[in-house]
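Here is how the chains run, residue by residue.
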Amino acid sequence: MRRGLKYVPPALLLLALLELTVFVLVGRGVGFGFAVLLVFAASLLGLVLLRREGMRAWRGFRAAVESRQPPGQQVTDGLVGLVGALLLALPGLVSGAVGLLLLVPPVRRLARAGVRRATERRVSSMVAGDLFGPRRVRVRRGAPQTAPTPEQQPQPVVEPGRAIEGEIIEPGRS
């Protein structure tokens, strides 16, 4: 994670240059007064949506907790909405466009799925299970494999009423 932090200052500088370039191009196209008004209106809309998305995220989180459901979907949906509203509130046409896109439901669902995948990769399976509920596993049909003979495979000990907790470990990850 710390390795990526060295790229933050150059990325912010590039973003500022991109915002300035787009503002100048839009200003030349429609007039600078209208471009300033557009940035101001987008920022005002972002501030209004920031409050709305925050309240929506909080209500969704509380409803999930009260109904004893994993709150992960509501948390990630709220997080994507808050990031979208925050980007819209920032003064700039590019950040405003990206923020507005994150508030569109199909794009929001894609972003939420990406946040969920990233979260599941970075936290333990137990924490991911607490956040998002049981994992859905995709099973692919393939060539049948021969089962080990009974001599090769130890017999499992079955005790009724006992659950064995475990962790899914994907190949190539530790």
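See above for the structure.
Residues numbered from 1 in each chain as written. Predicted model: local features only at pLDDT ≥ 70, side-chain atom pairs only at ≥ 80, totals over all residues. Heavy atoms only, no water.

1. Things to note about the environment of Val80
With respect to the helices and strands, Val80 occurs in helix α4 (residues 72–89). A relative accessible area of 5% means that Val80 is categorised as buried. With 19 residues separating them in the primary sequence, Val80 and Gly99 have C-alpha atoms 9.3 Å apart. Those residues in contact with Val80, other than ones at most four positions away along the chain, are Leu102, Arg108, Ala111, Arg112 and Val115. (Helix = DSSP H or I, 4+ residues; strand = E, 2+ residues; numbered from the N terminus. Buried < 20%, exposed > 50% of the residue type's maximum accessible area, 1.4 Å probe, protein only. Contact = heavy atoms within 4.5 Å.)

2. Overview of α4
Every α-helix carries 3.6 residues per turn, so stepping three or four residues along brings you back to the same face. Between its terminal C-alpha atoms α4 stretches 25 Å, which fits the 26 Å expected from 18 residues at 1.5 Å a residue. Within α4 the residues assigned to the buried category are Gly72, Thr76, Asp77, Gly78, Val80, Gly81, Gly84, Ala85, Leu88 and Ala89. Buried residues belonging to α4 abut α3 (32–66), α5 (93–102), α6 (105–122) and α7 (125–132). (Expected span 1.5 Å × (residues − 1).)

3. Description of the pattern of salt bridges
One pass over the structure, following the stated rule, counts seven salt bridges. Across the pair Glu53 and Arg52 runs a salt bridge, and its minimum N-O distance is 2.9 Å. Accessibility expressed as a relative area gives 1% for Glu53, which makes it buried. A salt bridge links Asp77 to Arg112; its shortest N-O distance comes to 3.3 Å. Taken together, the residues Asp77 in helix α4 and Arg112 in helix α6 connect sequence positions 35 residues apart. Judged by its relative accessible area of 14%, Asp77 is buried. Accessibility expressed as a relative area gives 18% for Arg112, which makes it buried. One network of salt bridges, with partners in common, ties together Arg52, Glu53, Arg56, Asp77, Arg108 and Arg112. (Salt bridge = Lys/Arg side-chain N within 4 Å of Asp/Glu carboxyl O.)

4. Looking at the nonpolar core
If you look at the biggest cluster of nonpolar residues, it comprises five residues: Ala42, Leu49, Ala85, Leu88 and Leu103. Elements with a minimum of two residues in this core: α3 and α4. Residues within four places of Leu49 in sequence aside, it is in contact with Ala85, Leu88 and Leu103. (Core = buried A, V, L, I, M, F, W, Y, C linked by side-chain atoms within 4.5 Å.)

5. Some details on the packing of aromatic side chains
Geometrically, a pair of aromatic rings is defined through the distance of the ring centres and the angle of the planes. In the structure shown here, the tally under the stated rule is two aromatic pairs. Judged by centre distance (6.2 Å) and plane angle (50°), the rings of Phe23 and Phe32 are tilted. We classify Phe23 as partly exposed; its relative accessible area is 21%. (Phe/Tyr/Trp six-rings, centres within 6.5 Å; stacked < 30°, edge-to-face > 60°.)

6. Examining unusual backbone geometry
Phi at Arg68 takes a positive value of approximately 60°, unusual for a residue other than glycine. Its place among the elements puts Arg68 in the loop between α3 and α4.

Remember that the coordinates give geometry; whether it matters functionally is a separate question.
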